[in-house]
Every structure is written in structure tokens, then in C-alpha cells.
Amino acid sequence: MKLLLSGNEAVARGAWEAGVKVACAYPGTPSTEILENLAKYKEIDAEWSPNEKVAFEVALGAAIAGARSMVSMKHVGLNVAADPFFSSAYTGVKGGFVIVSCDDPGMHSSQNEQDNRRYAKFAKVPLIEPSDPQEAHDFVKIAFEISERFEIPVLFRMTTRISHTKGIVEIGERKEIPIKDYTKNPQQFIILPANARVRHKVLEQKLINLKEFSNKTELNRIEKGKNSLGIVTSGVSYNYAKEVFPDAWILKLGMPFPFPEDLFKEFYKNVKKIIVIEENEPFLEEEIKIMGYKAEGKKYLPLCDELTPEIVRKSFNNEELSHPEPMNSVKRPPQLCPGCPHTGVFYSLAKLKATVTGDIGCYTLGALPPHNAMDTCICMGASIGNAFGFEKARGKNFSKRLVAVIGDSTFLHSGITSLIDVVYNKGNTTVVILDNRTTAMTGHQDHPGTGITAKGERTKEVDLAQLAKAIGVEEVYEVDPYNLKETLKTIKKAMESENPAVVISKGPCALLKEAREKFKTKQKKRVNNEKCLGEKCKACIRLGCPAISMVEGKAYISHLLCVGCDVCTQVCPVEAIE
Amino acid sequence: MKEFNIIICGVGGQGIILASEILALTAMESGFDVKKSEVHGMSQRGGSVVSHVRIGEKIYSPLIEKGKCDFLVSLEKAETLRWVHYLKKDNPVIIVNDLELIPPFVSLGLDNYPQNIEENLKNITKNLYFVPGVEITRKLGETRSTNILMIGFLSRFLPFEEKTWEKVIKENLPAHILDVNLKAFKEGRRL
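Residues numbered from 1 in each chain as written. Chains lettered and ligands numbered in written order. Predicted model: local features only at pLDDT ≥ 70, side-chain atom pairs only at ≥ 80, totals over all residues.

**Describing the overall build of chain B**
Thought 1: Broken down by element type, chain B carries 8 helices and 6 strands.
Thought 2: When the elements of chain B are put in sequence order from the N terminus, they spell out β-α-β-β-β-α-β-α-α-β-α-α-α-α.
Thought 3: On C-alpha atoms alone, chain B measures out to a radius of gyration of 16 Å, which is about the 16 Å that the 2.2 N^0.38 rule sets for 191 residues.
Thought 4: By its C-alpha atoms, chain B is 50 × 40 × 35 Å across when sized along the principal axes.
Thought 5: Per-residue burial over chain B gives 57% buried out of 191 residues.
Thought 6: Summarising the internal contacts of chain B: among those between residues at least 6 apart in sequence, 67% fall at separations of at least 24. (Helix = DSSP H or I, 4+ residues; strand = E, 2+ residues; numbered from the N terminus. Rg over C-alpha atoms; globule rule 2.2 N^0.38 Å. Buried ≥ 20, exposed ≤ 12 C-beta atoms within 10 Å, placed from the backbone. Contact = placed C-beta atoms within 7 Å.)

Okay, here's the thing in C-alpha cells:
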């Protein structure tokens, strides 16, 4: 049967067909839909883990215990999970274990564009790269076979243009793979130095065997051409090579590491010149050059940003297809939604002229105009540690104007340990937890604070206030972010306190059913033009609410967008919003 | 087999992803290869959204190369301008929903909404169509079906049968909004 599937849907389907029993993930664009789809299969125990490291460890445990398992994450998630990742290469696995890393060249929704192909070489595990959704489906099944045959974790690397591309996929049926027998084997699975020294040698031998395999596997193939140009490529870049150089010879690598040296040598005999078409890092180019062959790639192609067909054409041929001149449109960055609970908090932080260390989530948008209420944003969970560092560098007085903001999901991901640090090391940092009861930015995934599992079942929910108290925070406040006066007053009080303080802003994401039901009872707002002070005021405009704009010199509220959250009525100095 | 490269663009929340899904599925049902690509996450928060749909015998690149786009379907006027340089030089088709959505950056005085959009687009092609999408769908009783109306208009240029379009729409929209969307598709196709 054929379906139109995204790369992520195809990976989930392929994994299910391959008999996967355990799947774990933390949401992150562009990887999120993999676990969302795996969770729909009754045969798979799928979980949202608190973070990628936990996800990795649970899935690895399942694989050591003999089941086929999968962990999926965005590229930077593998940084969080790097510790168990490197160890797992040494221990190896019993059941097939596939690690899916969805990289984001072009940084559509990420803080960097690190190329995780390098992680495969660094951690010494085989790398598999599909070029489209069909291959994502087919290759993931082969990845499990490789993992079991060589008893090694396999890194399965996707990118945004594969994860979020939809294509036609021929699907198959599930094959149940019986769980492997478990026998205790401390020499393999306890990596004490004495054992690890042995395991390292085992791993090096596996890589030699895998290189042999890489020369022969169907994942790597030579496509005959009509001229003497030879292109080495992998992943989505293969498609751009086919578009721009339809007559060239192509060495198409679905398993780029360990690099298939013999296959490359055979390919080389047929061509006069080798070019390498790959995004970001010169990973394949370096492999070829290490062998002592000449190849050109990054001499022409950019290191930065994702590739496109026109970049490939322009880089090598110095030409582009003729097209109309670009035109100026209007700046339309993403923004907080109408009725967003974060709006009141960022409005207050801007009013308080606070120094704000930020974190990863929808609320990173508080950094944009009109709030401009953020000073730093580094990675998941960094806000609290960053604030404590500011406090250490600039003193307690400075910290009275200093706040860390972090979402509920991000706090449970990796903010909690930093808050422990603040208490333990006698800081007085203020933390605002923006508790919107979901992982919003990635499309509303549950987490340990929501009381719902990835399977949609009820579970215990973490009480953030009790958690903060349990680690020693004595000042814990809860505020309704739709009440601007209370929000501003409470944050101010917490900032000025001599102790560590946590303010929990409690308001479900405006797109959640819980919030929509509440808004249904509210009246949409309208502006009384006779009272509105117009251009000289614009207090409501400074909320950054998408429903409010200036039309003919007066504020205007779109009834298509307004949810009636009442925040704008609290900022109007002349009660013009009714 | 002819190749069709189509960009659908607009603002987050206008149903661009659904519109491109209907288009891609109809192409698949009609025996074509198809790829479509878009970006999730950040861009959906009221920001600019674009979807590339490529239809043909065998499609490799999920992205349309600049200079190869045959159809630009835009659900918002200014968003059309953002992608015109993807169009082919030779008589491309531009279909614009006659709607201006003013972003907060304009109200904050940080940017200006572009002027003379229609005149500028006329310089690119004779095949320029402004569709009063919201006006029509308001009469149908659901302005949120504008995306499907626009797909209906686009369908006149594509070699897929009406019954295939309707089958795909029926299979992919929830029952309570199906009727109005089928009407919107028909209206668009007959405009």
C-alpha cells in the first residue's frame, strides 16, 4: 500500500514494522512527530521522557535487556544525551537500538546547525542517512538489522527537509521480533575502566567489520552517469545533485560511516573529477581526502545554512536559472498568540526593566519587539544557571533586577538542577516558571507536569510549587498572568527578596482545549474610537497581541483573532477597550 | 508527464499546510509522483508560512529551485511578494487572496505594509488573478474555508479530475466542516 508520509511518519512506520517494542523521546523540532506516531501503535511502549538523556538511557536499557528500541531527538538533544551515547558504543546492545537525530540545517527552529554526522564518527557508531521518506521507512528497518548483527547502536540521521518532507511511501506489515534472552554479563555492561579497556578494543574490531559491510550494503550504491563527473553525496543533498547534474555519476551513500573505501575506489575508476555535495560540514569530503584522493566540495559550497537546488547550481556552475527579481514584503516574525499567558509576564518584565535570562520555548519570542524582554537564551535549561552567573559576577544588588524565565517542560527537562545550585550555593536568583501546562512550541506534547502520558493515559503530575519547596526554595508564589497588577507586583517582590524565589505563572497555553473552553465564556473586545488616544498612546499595541493593530490612527481589535483574555483592557489608560 | 511546481504561502493559521496536503494527495491519487516540503515550529506562530509542492513523473528535490515555480498561490497579499523570485520567467501563474493582514511590526511603526502590490505583480506576469476569497467564503458561512477555495481556483490549471479532488477533500476533512469546504472548492473552481 502507498501513503503520502513525512519522513518522520515514515521512520515511525518503519520502526513499527521492524518490531520495535520501546520508544522514547523528548520533543524537539524537527523530530517530534516520530514519537507522536510511534505512540499510536499498541505494540509499542512509547514515552515522552523528561529529557533526551533520560530517553536515551531508558531506550538503551530496553536494548540491553533484549528488545528492539528507538530513541529520537533533535540534533541538540544528542548533546544532552551524549554521555550515555558514548558509553553505549562501548557496551554495545543485544536488541536492535536505533538513535534518530533530526538535524536542522538552516536553523528553521534551532539555536545552531551542528552536523551530527560527526557524532557517529566521534562516538564510533555506524551512521545511516536516508534521502527521502521512502528511504527513511526502508532504511530504519535495515538499521535495526545492522544494530543486532554487530551488537552496536546505530545513529540514524535525518534533517528538516527529510523529516518534514512528504513523499509517497510503499509501506509493509509488522514483523514481531522475539525479545532476546537476557543473561547477566558485567564485563560487557559495567564499564569500569578494566572492562572499558576491553570494550574499546571490541568496538574498534566492530568498526573494521562495519567498514567491510559498508562496501557491500545496498545502502551504498553507484549510479552510472553519462559524463566523467563523479558526485559523492548523501541525505537530502542527493536530490539536489540529481536535479542539477542529471548526467553525472553518483556515489549515493545511505551509510556514510564507516566510509566504504573499496566502493569509492571502484567509483573513482569511472570518473575524471570528484565533487562532494553535502550540507554544512565537509564530512564526506574529509573521508575522501583522508584516503589520499582529490575531491572538491566546500571549496564551492557554503558551510552555513541549508542547501537548495539553486545554491548547488550556483556554487559549481556559477549560474542560476532566470527568475523575477526579489521584492520586499513585510517583516512578519513569529509572535505570541492572542490570549497567550506569557504576554502578561513579558509585559510586566518590560515594565520592570528587568535583566532577563531566557530559555527555549514559545516564550523565547519575548525577546522580540515590542517586549524586548530577554538578555540571553543559550540552550534548554540554561536560564537559571545563567542568572546565577550574572548574580555572581555583578552582585546581589544587580540581582534585584534580574529574573530567569523558563517554561514548565524546560524546567523539568534541565532547569531543576540549576535551581538546586542556586539554593545550595546561597544565591537569591528569582525564577519565573511559565507554566502553560504543555510543551507548546513543538505542538503541545505532554510532560511530567501535565499528568498525561504520551499514550494519553492519566498519571501522577509533578507539583512544581512543592518541588521548588522540597529543594529548599522558601519563597514560592503562584500568579494568574491575566491579572497584570498581581503579576507585576509578585515578580517585583520576588526580585527584591534576599532569598531565592520562584514565581509560577499559571495559565494553560491559549491553544489548549482547557484555555479555549475558558475563553468561550468571554466577550471579544472592541475599541471605543471616541475614547482611544490613538498614535500618541499605543499602550495596547505594546502588548504585542496579534489581534490588536492600528487602523486609521486608532487601535483596532480583530474579532477573528481576539479571544477576550481581558489583558488589553488593563493597560488602556482611558478605558477605551470594552 | 508534465511537471508542476507550486508554492502555497500565507500567514500561520490560514490553513496553508492543509491546502498543500489536499493538493499533494490529489496528485498522488492521480498517478503522479509528489513531494512537498514545509517548515514546522517557529513559523507557525503567526509568522510567514510557505509550502513547496512538486508534482511530476519522478521528483527528487523537495524544494522548488528558484526560477522553476509555475504557480504561486498566496493567501495574503504581501506574502506573495516574499516568494516571487521562485517563479519561472515565462508566464507563471500568480493567484492572490485579496486580503491584507497587518503584522504587529507595522502597528509598532517598525515596518511598512507594502504598497502597489497589484501593479508590481502585473509586471511579472499576465496570468495574475486576485480572488476575493474572504468575501466569497463569508457568504458561504465560513471564512476559514478560504484555503480550500484557493485550491479550487488553482485546480482549474491542473490535470486532475474534479471527483479526485472531492474524494481527497472528503477523506481528509472532519465531517462537521466538510460541506462548506466542498462548496468553497466548487466556488473556487468555477470562478
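**Let's talk about the overall build of chain A**
Thought 1: Regarding its fold elements, chain A presents 21 helices and 19 strands.
Thought 2: Rg of the C-alpha trace for chain A: 27 Å, near the compact-globule value of 25 Å for 578 residues, within the 12% margin.
Thought 3: With the C-alpha coordinates of chain A rotated into their principal frame, the extents come out at 80 × 65 × 50 Å.
Thought 4: Out of the 578 residues belonging to chain A, those deemed buried represent 55%.
Thought 5: Contacts in chain A between residues at least 24 apart in sequence constitute 74% of all its contacts with a sequence separation of at least 6.

**Comments concerning the environment of asparagine 91 of chain B**
Residues and elements named next belong to chain B.
Thought 1: By the element assignment, asparagine 91 lies in the loop between α2 (77-83) and β5 (93-97).
Thought 2: Using a count of 11 C-beta atoms within 10 Å as the deciding quantity, one classes asparagine 91 as exposed.
Thought 3: The sequence separation of asparagine 91 and glutamate 3 amounts to 88 residues, and the corresponding C-alpha distance is 15 Å.
Thought 4: Ignoring sequence-local partners within four residues, the contact set of asparagine 91 consists of Thr125, Lys126 and Asn127.

**So, the sheet that holds strand β9 (residues 220-223) of chain A**
Two strands in a sheet stick together by hydrogen bonds in their backbones, pointing the same way (parallel) or opposite ways (antiparallel).
Residues and elements named next belong to chain A.
Thought 1: Taken together, the 4 strands give an open sheet; going across it, the order is β9-β11-β10-β12, and neighbouring strands pair in mixed fashion. The outermost strands of the open sheet, each flanked by one partner alone, are β9 and β12 (273-277). Between one strand axis and the next, the sheet turns by 20° as a mean value, whatever way the strands run.
Thought 2: Pairing between β9 and strand β11 (residues 249-253): 4 bridges, direction antiparallel. Bridge assignment links glutamate 223 to a residue of β11, and that residue is isoleucine 250.
Thought 3: Across the sheet, helix α12 (residues 261-268) is in contact with β9, β10 (229-233), β11 and β12; its angle to β11 comes to roughly 170°. (Pairing = 2+ DSSP bridges. Axes fitted to C-alpha atoms, helices over the stretch in contact; angles between N-to-C directions.)

**Considerations on the domain arrangement of chain A**
Bring the parts together and some accessible area is lost; that lost area is often taken as the interface size.
Residue and element names in this part refer to chain A.
Thought 1: Along its sequence, chain A is carved into domain 1 (2-216), domain 2 (220-317), domain 3 (342-518) and domain 4 (522-571).
Thought 2: The gap between the C-alpha centroids of domain 1 and domain 3 is 32 Å.
Thought 3: Contact residues are listed per partner, giving 15 residues for domain 1 and 15 residues for domain 3.
Thought 4: The leading source of residues in the side of domain 1 that touches domain 3 is strand β3 (residues 45-48), at 3 residues.
Thought 5: Taken together, the residues of the side of domain 1 that touches domain 3 sort by class into 9 nonpolar, 5 polar and 1 charged. (Domains from an automatic or database assignment. Nonpolar A, V, L, I, M, F, W, Y, C, P; charged D, E, K, R; others polar.)

**Some thoughts on the interface of chain A and chain B**
Thought 1: Every contact between the two is made by 47 residues of chain A and, on the other side, 50 residues of chain B.
Thought 2: Examined bridge by bridge, strand β8 (residues 165-170) of chain A and strand β2 (residues 33-38) of chain B share 3 bridges and lie antiparallel to one another. The residue bridging glycine 167 of chain A from the neighbouring strand is lysine 35 of chain B, located in β2 of chain B.

**So, the sheet that holds strand β3 (residues 48-56) of chain B**
Thought 1: Taken in spatial order, the 8 strands make up an open sheet running β1(A)-β8(A)-β2(B)-β3(B)-β1(B)-β4(B)-β5(B)-β6(B), and their pairing is mixed. Edge strands, defined here as strands with exactly one partner in the open sheet, are β1 (2-6) of chain A together with β6 (128-131) of chain B. Pairwise comparison of adjacent strand axes, ignoring direction, gives a mean angle of 20° for this sheet.
Thought 2: Across 8 bridges, strand β1 (residues 4-11) of chain B lies against β3 of chain B in antiparallel orientation. Within β3 of chain B, the position partnered with glycine 10 of chain B by the bridge is valine 49 of chain B.
Thought 3: Contacting β1 and β8 of chain A together with β1, β2 and β3 of chain B, helix α1 (residues 16-29) of chain B runs over the sheet at an angle of about 5° to β3 of chain B.
Thought 4: Its contacts with the sheet put helix α6 (residues 146-155) of chain B on β4 (71-74), β5 and β6 of chain B, and the angle it makes with β5 of chain B is roughly 155°.

**Some remarks on unusual backbone geometry**
Residues and elements named next belong to chain A.
Thought 1: Between threonine 29 and the following residue, proline 30, the backbone shows a cis peptide bond with an omega angle of 10°.
Thought 2: In the segment running from proline 369 into proline 370, the intervening peptide bond is cis, with an omega of 5°.
Thought 3: Relative to the helices and strands, proline 370 is located in the loop between β13 (355-357) and α16 (382-398).
Thought 4: The phi dihedral of histidine 444 falls on the positive side, at around 70°, and the residue is not glycine.
Thought 5: Relative to the assigned elements, histidine 444 resides in the loop between β15 (430-435) and α18 (464-470).
Thought 6: Owing to 18 C-beta atoms within 10 Å, histidine 444 belongs among the partly exposed residues under this scheme.

**Some remarks on the packing of α16 of chain A against helix α17 (residues 408-424) of chain A**
Packed helices, taken two at a time, are described by the angle between their axes plus the distance between the axes.
Residue and element names in this part refer to chain A.
Thought 1: Where α16 meets α17, the axes come as close as 7 Å, and the angle between the chain directions of the two elements is 25°. When the axes of α16 and α17 are compared, the pair comes out roughly parallel. Contacts between α16 and α17 involve Ser383, Ile384, Gly385 and Phe388 from the first element and Gly415, Ser418, Leu419, Asp421 and Val422 from the second.
Thought 2: Residues belonging to the contact of α16 with α17 are distributed by class as follows: 4 nonpolar, 4 polar and 1 charged. (Parallel < 35°, antiparallel > 145°, perpendicular 65-115°, else oblique.)

**Here's the deal with the packing of helix α5 (residues 82-91) of chain A against helix α10 (residues 193-216) of chain A**
Residues and elements named next belong to chain A.
Thought 1: Interhelical geometry of α5 versus α10 gives an angle of 75° and a closest axis separation of 7 Å. Judged by the angle between their axes, α5 and α10 are roughly perpendicular. From α5, Ala89, Tyr90 and Thr91 reach across to α10, where they touch Ala196, Arg199, His200 and Leu203.

**Some details on helix α11 (residues 237-244) of chain A**
Residue and element names in this part refer to chain A.
Thought 1: Most of α11 sits inside the fold, with 7 of its 8 residues counted as buried.
Thought 2: Those residues of α11 not exposed but buried are Ser237, Tyr238, Asn239, Tyr240, Ala241, Lys242 and Val244.
Thought 3: Buried residues along α11 sit against β10, β11, β12 and α14 (309-317).

**What about the confidence of the model for chain B?**
Thought 1: For chain B, per-residue confidence averages 95 on the pLDDT scale, and residues scoring 70 or more make up 97% of the total.
Thought 2: Note on the complex model: pTM 0.97, ipTM 0.97. (pLDDT = per-residue confidence, 0-100.)

**With respect to the environment of glutamate 535 of chain A**
Thought 1: Inspection of the secondary structure assignment puts glutamate 535 of chain A in the loop between α20 (513-520) and β18 (548-551).
Thought 2: The spatial distance from the C-alpha of glutamate 535 of chain A to the C-alpha of glutamate 552 of chain A is 9.5 Å, given a sequence separation of 17 residues.

**Concerning the pairing of β4 of chain B**
Residues and elements named next belong to chain B.
Thought 1: Along β4, one buried face is formed by Phe71 and Val73 and the opposite face, lined by Leu72 and Ser74, is buried too.
Thought 2: Pairing of β1 with β4, which is carried by 4 bridges, proceeds in the parallel orientation. Its bridge partner lying in β4, cysteine 9 is registered against serine 74.
Thought 3: In this region the chain leaves β4, passes through α2 and returns to the parallel neighbour β5; the handedness of that crossover is right-handed. (Right-handed = clockwise from strand over helix to strand, strands pointing away.)

**Section: α1 of chain B**
Residues and elements named next belong to chain B.
Thought 1: Its 14 residues give α1 an end-to-end C-alpha distance of 20 Å, which sits within 8% of 20 Å, the value for a rise of 1.5 Å per residue.
Thought 2: For α1, the buried fraction is high: 11 of the 14 residues fall into the buried class.
Thought 3: What α1 keeps buried is the set Ile16, Ala19, Ser20, Glu21, Ile22, Leu23, Ala24, Leu25, Thr26, Ala27 and Met28. (Expected span 1.5 Å × (residues − 1).)

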